[in-house]
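# Descriptive analysis of the structure
Okay, here's what each chain looks like letter by letter:
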Amino acid sequence: MQPTNIAKPSYFHKIVDCQWACPAHTPVPEYIRLIGQGRYSDAYMVNWVSNVFPGILGRTCDRPCEPACRRGRVEENNGEHPEPVAICRLKRVAADMKNDVRQRMPRLAPKNGKRIACIGAGPASLTVARDLAPLGYEVTVFDGEAKAGGFIRTQIPRFRLPESVIDEETGYILDLGVQFKSGQRIESMKALLEDKTNGGYDAVFVGCGAPRGRDLSLPGRKEITDNIHIGINWLASVSFGHITTIGQRVIVLGGGNTAMDCCRSARRLGGTDVKVIVRSGFDEMKASPWEKEDAQHEGIPIINFHVPKSFEHSGGNLTGMRFEVVKAVYDEQGKRSLVPTGEPEVLVECDAVLIAVGQENAFPWIEPDCGIRFDAQGLPVLDNETFQSSVPKVFFGGDSAFGPKNIITAVAHGHEAAVSIDRFLSGEDIRRRPDPMTNLMSTKMGIHEWSYDNDTSDDARFKVPWAKAEIALASIRVEVELGFDAATAFKEAGRCLNCDVQTVFTAPACIECDACVDICPMDCISFTANGDEADLRTRLKAPALNLAQALYVSSELKTGRVMVKDEDVCLHCGLCAERCPTGAWDMQKFFLQTTQAGPSCRDANKPAVRTGGVPA
């Protein structure tokens, strides 16, 4: 293998598994260290730069960072499944315990004469506004609702996300000089593009989400006039107080997070017999594992492998649903089919059904002749990196771009679209994406002292306390999770392995004494003859079997051997650097600053073009 090129520190980005997995590349270990030091406001602002909504995401994120957490691969947990660091809940700690951060928000640049319209006030549009408004752009956000937030506000129940948190974090963005046109739903893209008021809009960002829930066309559906609801519409009605009760016997159809919100909401609105019924197996459900656990914790059963066949009714009134029992069968290629078991159909009596079997995009307000192309699935045809549509000044992001995902993905889309818009209006090629800024900085403070706590905690993951069931289930607006207190947050932060503090090796200083090999608690380090990667992985002190993690390979040493370090299970404990007699090893903190809109995203030494437009 060729020596690892650490002259470009971007190599280490993938080694910080949590940050790599986060769509917005939030510097997770950095803000967790700050929380451990009680610097909650600093931790909040580190989050705010990348994920924009720390308080909201600290309660609702899908947590792609946590399955990636190295702690889940190295922890011995008495035979039980090891647990990652509670990254998401620590994010909430920073939001809940911070001081007033309004003075730390960006200062506004003078207006540059460019006007941008954001359609929809969800996380993608608000991220675009957050990135562009401080640069001098006049940003106007249109939304049909009275308050900003989009599906964050209308679809996530208040027992998971208090409205005060949404108001606070959307307010930080609107206070950056963003014009919010509430109650103004855009009815015509063509009219918006042709509007020349105040010079018209130089760019348009569409972040209206996936606003249409799928229905089920089954026998009996047309005959029933009441008590069958589309899940996302029902949740919105509950959020706005239009619906305050539901029947006692409730069936929720679907296995995603919307279905989990529906069943838990129904439980609080009077449903005493609430069931979730899905076609798939429990492990195949799209809902996050903790969402399923929370529903079961509240006494809601999840019934698997039941395919809905019909709605049962009497005199136009819903009486129940009929299901076919199936099983999963896999062919030689591993493709799954649901095959009837031959058991009799199951009748489940109910008073209400909530259908949460998926969402889809709906753009009835975008006319076919306005120039925006759509694919066969009804999604806009976009450049996957720039989010630009077939109309050069129109960009999409969030669920409206590639279909329903989650909040943090919408935020990542918003950042990238803002870069595209900034470069587009500066007359630059938006397909050229500037690299992020990365560097390495030694944490050495003495011979054997580092500027971070490298003592690996043996603690198991700490549980987040819940409100008492009789209180939580009595109201749709009582927040269930209470969050960590300061003491527990300190202990949970100590479980982080500081994966951004890298073991950096300097080959010329190595005397090949093997002291680092002897002291490494995870057998990560080997000195051996070089070879191709597949061969080398099998000849290490501990075979490197996780192909998703890199091997750190040095240049040739004096004996002709090379140092090979398996990055997979390293604890970043620094013992190799402490033990090394020559200083060949050092602990250096990796820093990643993602490219955002502004001067850093534009071509070097090229002034911004104030008159704008597509490059000739």
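Just above, that's the structure.
All values derive from a computational prediction rather than experimental measurement. (Residues numbered from 1 in each chain as written. Predicted model: local features only at pLDDT ≥ 70, side-chain atom pairs only at ≥ 80, totals over all residues. Heavy atoms only, no water.)

As a packed pair, helix α3 (residues 40-51) and helix α16 (residues 407-425) sit with axes 9 Å apart at the nearest point and diverge in direction by 70°. Compared by their axis directions, α3 and α16 come out roughly perpendicular. Along the contact surface, α3 presents V49, S50 and N51, while α16 presents I408, V411 and H415. (Axes fitted to C-alpha atoms, helices over the stretch in contact; angles between N-to-C directions. Helix = DSSP H or I, 4+ residues; strand = E, 2+ residues; numbered from the N terminus. Parallel < 35°, antiparallel > 145°, perpendicular 65-115°, else oblique. Contact = heavy atoms within 4.5 Å.)

Quick look at the sheet that holds strand β2 (residues 138-143) now. The parallel open sheet is built from five strands, whose spatial order is β3-β2-β1-β4-β16. The two strands at the open ends of the sheet, each matched to only one other strand, are β3 (179-182) and β16 (394-396). Taken over all neighbouring pairs, the strand axes of this sheet differ in orientation by 20° on average, direction set aside. Sheet topology places β2 next to β3; four bridges connect them, and they run parallel. Looking across to β3, one finds that T140 is bridged to Q179. Running over the sheet, helix α8 (residues 123-132) touches β1 (115-119), β2 and β4 (203-206) and is turned about 160° from β1. The sheet contacts of α16 involve β1, β4 and β16, and relative to β4 the element is tilted by about 170°. (Pairing = 2+ DSSP bridges.)

Under the criterion given, the structure shown has 52 salt bridges. A salt bridge links R115 to E138; the nearest nitrogen and oxygen atoms lie 3.4 Å apart. Of this pair, R115 sits in strand β1 while E138 sits in strand β2; the two residues are 23 residues apart in sequence, bridging distant segments of the chain. Residue R115 is classed as buried on the basis of its relative accessible area of 9%. Exposure remark for E138: the relative accessible area of 26% places this residue in the partly exposed category. (Salt bridge = Lys/Arg side-chain N within 4 Å of Asp/Glu carboxyl O. Buried < 20%, exposed > 50% of the residue type's maximum accessible area, 1.4 Å probe, protein only.)

This part covers the packing of aromatic side chains. Evaluation of the coordinates by the stated rule reveals 12 aromatic pairs. Taken together, a centroid distance of 6.0 Å and an interplanar angle of 50° make the contact between Y11 and Y552 tilted. Here Y552 lies in strand β20 (residues 551-553) and Y11 lies in the segment before α1 (17-21), a separation of 541 residues in the sequence. Residue Y11 is classed as buried on the basis of its relative accessible area of 17%. Where F395 meets F424, the ring centres are 5.9 Å apart and the plane angle is 70°; that geometry is what we call edge-to-face. (Phe/Tyr/Trp six-rings, centres within 6.5 Å; stacked < 30°, edge-to-face > 60°.)

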